[in-house]
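# Coordinate inspection notes
Listed below, chain by chain, are the residues.
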Amino acid sequence: MTPALIVALPFLGAMLPGLMVRTSRNAAAMACGVFTALALLGLILNAPAVLAGEIVTTRIPWMSQVGLDADFMLDGLGLLFGILILGIGLLIILYARFYLSQADAAGPFFTYLMLFQGAMTGIVLSDNILMLLVFWELTSLSSFLLIGFWKHLPEGRQGARMALNVTAMGGLAMIAGCLMLGQVAGSYRLSDIIAQREAIQSSALYLPALLLILLGAFTKSAQFPFHFWLPRAMAAPTPVSAYLHSATMVKAGIFLMARLWPVLAGTPEWFGIVATVGLATMLIGGAIALFQDDLKGLLAYSTVSHLGLITMLLGFGTGAAATAAMFHIIAHASFKAALFMGAGIIDHAAHTRSIRRLGGLRTLMPLSFGLVLIASLSMAGIPPFNGFLSKEMMLEQAAGAAGLFGWVATLASVFSVAYSLRLIVHVFLGPVREDYPTAPHDPGAGLWLGPALLVAVVIVSGLFPNATLGWIVTAAASSVTGQALHPHFALWHGVNPALLMSALAITGGAALLALWQPADRLRQSLPRIDAKAIFDAVVGGAERVAGAFTDGFSNGSMSRALAAQLLVALACGFGAWQSGLAGPASRPMLPVTPVALVGWVMMLVGIGTLVTLHRRRILALVLMGIVGLTVSVTFVYFSAPDLALTQISVEVVTVIILLLALNFLPKRTVLDTSNLKRGGDAFVAALAGLGVGGLAFAILRRDFAFPSISGYMVENSHKLGGGDNVVNVILVDFRGYDTYGEITVLGIAALTIFALTETMLGGRGARRLQGWVRDMRRAGDRHPLMLGVATRVLLPLSLVVGLYIFLRGHNAPGGGFIAGLIVSVALVMHYMASGFAWAMQRQSIPYHALIALGVLAAGVTGAGAWFAGQPFLTSAFGYVHLPGIEPIELATAMGFDTGVFLCVVGAVMLALNSFARIARQAGRDHAAPDATGTAPTQATQP
Amino acid sequence: MEFLIASAIGSLTAAGVYLALRKRSFAVVLGMTLLTYATNLFLFTTGRLVIDQPPVLRDGVTAYTDPLPQALVLTAIVISFGMTAVVVVMALGSFIEGGDDHIDLPRRDREGPGA
């Protein structure tokens, strides 16, 4: 199975419970389990090759130009983490099935869990650092969803937000660091980057890249001082804590440090930062863990401590330390996941996780006691369990390191022993109590099977480390260091410094636990630093700064925001003009004709009066009509008859819509801006006008910088598109896909108008409309007879004109857009002359259907090309010869144009119809017939 | 001639921007319409000014103006009609429901329901 498929499997598995949201826990868990098991199987099938030193890869080119390819690789390190993620994942799925209650939404839970699993598998199998970053963020997101899974718990929501803030912030830093790394290495492929140790370490970008990447790794792996999010993530359901926040996700940072070990490690900076931070985290985490009362809190801080241990080992930068780190990753995952599940079992049984309320569970929950006992002893580093082996290796490395590492590591181990023993002594030993919230009892097999298997691993790998874990640790450590390592693990190394330190730690730990009560009192008398308060203060400060910034830019005044945006655009345009290259103004100018001059004067006078008189709205509308008309004339003057036809018919419809709106809106704009504001706006407007006008002039005075594609369209319009009107052929054929999108957008716009009208006609707007007092005198005769008769005579005529314009569109100015607008105008005339109700009564097709039909017709015509084995929207045409008349051309583009036509008619009419409905609603009460119904003609308006 | 067109486009833009910066919805709609004219004319003239050479093929004629900007502008005209209509219905709705035609966000809306 290829690595790509292994990564894909959990994501596929995520879909099943996601699709069946209300599915039973059994079905969801089963679906997830099958996919996880398949992925695990795929991984194991690749294991022999990997152990033989091979690197299994999948390369899927995607955007190779920017270095973003879906490259996957499976080496020893990936195999170790992959087995950990998928193996523990399988146990967690089983555990979660029995842990979740009937009331929990199992579908979403398992989906999130699988998303996480996929993202995590993606991280460890990525061979592209950009793709790794994507998976990295995905783990942050899925972790957020899982921590906040119990949405009703405030701690869950806060914890989720905090985890996301911290890890996503680190993730952002890491993106920058990884980009630097890729820049230096000249490739974003991990295997290429790893091979360039000298180049990267000698680069000036090494230190910034290192710091940024470590920021990402430390936040993710909860290293001091970013450790505070992890204990608060314990608000998540326990399977999540066991899986994400102890066994896998928090090890992503560790993984990254291990993955980039060959290029980043071995420098004084690396040792100084990584080893020190790891050591500090190990000590602080252990000290805090000892005094936690919440079972999960204790385990969380102990996880922080152990992550520090692994980080410190990686920081040492030696092969032996890396081997120890790999061994401890497995050891920690096995005993810590078991302990978390054990904590969940206790919580399930006793309904409390507070250690102060527990004790004496040994006889009540013997099985759980056995499991927790072994896992805790392993955590404490007591032989013969696997925790002992890794702790010995760690102490050996620390003793060999410079300075105080040995002593501090021993002290941290003292804490580690103490809290591990506390877990046994304070929870299980002691007298049986009377006051448990509920009677504790051992759980069913579903809950204990998972931890039991992990405990088995703890025992067997402690007794036979070489046989059980030697192969995978060797493979992983070899791929981390890039050298072939041959470590040998043994429980007994003779009496050496590490053994003495271990003995010291165990006795010290036991003594510390015996003195726990006084120690706890001492701790309570010390001042405490509340990380949450600091975090909240930082977040609050950031929010205030961001808020002030946002408010400075947009204070609710659209004018201000628009002006700012405009000035930025102008500055950008000016910058581009300054820095770009424009050839000399070589294109000769056309002579000015008297007609053009008249048109120009008309337009400028129209614009000028419009701006001066814009507050008298109806007059402004008339002036706008004049300007629009001159624009249409401009189009026809400069050889664009199609545009002129379109513009002029759109103009009519726009003016009608604005008039309908003005029916309600105030007829005058109140002057409510200061002279200063108007002066400033005029300045901005003048700048914009000069900019756009100047740019237009510059373009007009120059020839095309490079050949345009229009020549192709002119040449092939007849040959390929079967039409002589090139503009129409472009619309329905060459760029038909554009047009298809555009009519869809037009339809959506019309539906939006309809929907807005619907809401306006319900609720508060409707009540206001009913009591509407008109501010203008009404016409004496609402529907003059002359006008009515005239439009009725004109309607068939205009429909014929519309049809004619439509039919000739392919070869002469016209086409679906224009015909649609003309027919709409004709219909609107009817509405105006005879009244809304009269027209509605006679209308049999709803306009929504017209829009749908239009888009459908265009789509079907386009899809028809598939049957001819051609791509979407390929057109065909032929000529039909009928006796007596000219040959008639039939093109499939005609079907497409019909779609355009229908959609335009539908959209325009639906928009107008909606406005008319608002007008009808005004000033009438509820007794009147519904606007869309068949109202009697005379009842339209009072 | 080029200067006439360029100055017309510039004036349309300036007028459109000025009106779009007003504080009442109707003026903004007018401004947007003028800006639409300006933009459409601008796009159209990127095909350069050509008189009496409409892009409709005829026998014996070889010179045609650039059809591509025309096709783009044609759909742009129709789409901007759709946009204008949506904006107008929004303006109308806010006037009917809110009682005035200010376009600025009132303070109470900006600060959300909690404030």
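Since this is a predicted model, take the numbers as computed values, not measurements. (Residues numbered from 1 in each chain as written. Chains lettered and ligands numbered in written order. Predicted model: local features only at pLDDT ≥ 70, side-chain atom pairs only at ≥ 80, totals over all residues.)

## Remarks on the overall build of chain B
- Along chain B, the regular secondary structure elements total four helices and zero strands.
- Along chain B, helices and strands appear, N-terminal first, in the series α-α-α-α.
- At 20 Å, chain B has a C-alpha radius of gyration far larger than the 13 Å of a compact globule built from 115 residues.
- Overall, chain B is about 70 × 25 × 20 Å in size when its C-alpha atoms are taken along their principal axes.
- Taking all 115 residues of chain B together, 61% fall into the buried category.
- Relative to all contacts within chain B whose residues are 6 or more apart in sequence, the contacts with residues 24 or more apart total 52%. (Helix = DSSP H or I, 4+ residues; strand = E, 2+ residues; numbered from the N terminus. Rg over C-alpha atoms; globule rule 2.2 N^0.38 Å. Buried ≥ 20, exposed ≤ 12 C-beta atoms within 10 Å, placed from the backbone. Contact = placed C-beta atoms within 7 Å.)

## Examining the interface of chain A and chain B
- Contact residues are listed per partner, giving 101 residues for chain A and 78 residues for chain B.
- By residue number, the principal contributor to the side of chain A that touches chain B is helix α30 (residues 675-700) of chain A, which donates 14 residues.
- Among the residues making up the side of chain A that touches chain B, the classes are represented as 66 nonpolar, 24 polar and eleven charged. (Nonpolar A, V, L, I, M, F, W, Y, C, P; charged D, E, K, R; others polar.)

## A look at helix α25 (residues 531-553) of chain A
- In this model α25 of chain A runs 33 Å from its N-terminal to its C-terminal C-alpha over 23 residues, within 8% of the 33 Å that 1.5 Å per residue would give.
- Here α25 of chain A lies mainly on the outside; zero of its 23 residues are buried. (Expected span 1.5 Å × (residues − 1).)

## Focus: the packing of helix α34 (residues 763-770) of chain A against helix α3 (residues 67-98) of chain B
- Running from amino to carboxyl end, α34 of chain A crosses α3 of chain B at an angle of 75 degrees, the nearest separation of the two axes being 8 Å. Taken together, the axes of α34 of chain A and α3 of chain B lie roughly perpendicular to each other. Each of R764, G765, R768 and L769 of chain A in α34 of chain A lies in contact with α3 of chain B, whose residues at this interface are G93, I96 and E97 of chain B. (Axes fitted to C-alpha atoms, helices over the stretch in contact; angles between N-to-C directions. Parallel < 35°, antiparallel > 145°, perpendicular 65-115°, else oblique.)

## Observations regarding unusual backbone geometry
- F224 of chain A connects to P225 of chain A through a cis peptide bond whose omega is 5 degrees.
- Backbone torsion omega between P383 of chain A and P384 of chain A reads 10 degrees, so that peptide bond is classified as cis.
- Relative to the assigned elements, P384 of chain A resides in the loop between α18 (366-380) and α19 (386-400).
- Even without a glycine there, the phi angle at A222 of chain A is positive, about 55 degrees.
- Locating A222 of chain A in the fold gives a position in the loop between α9 (206-220) and α10 (229-232).
- Unusually for a residue other than glycine, R48 of chain B sits at a positive phi of about 70 degrees.
- Looking at R48 of chain B, the number of C-beta atoms within 10 Å reads 20, which means it is buried.

## A short note on α3 of chain B
- Helix length check: α3 of chain B, at 32 residues, gives a terminal C-alpha distance of 46 Å against a target of 46 Å (1.5 Å per residue), a fit within 8%.
- Of the residues one or two after α3 of chain B, G99 of chain B is the one with positive phi, at around 90 degrees.

## Some remarks on the UniProt feature "transmembrane region" (unreviewed entry) in chain B
- Within the UniProt annotation, "transmembrane region" (unreviewed entry) is assigned to residues 29-51 and 72-96 of chain B.
- Helix makes up 100% of residues 72-96 of chain B and strand 0%, whereas the separation of the span's terminal C-alpha atoms amounts to 36 Å. (UniProt positions renumbered as here; feature names shortened; annotations may be inferred.)

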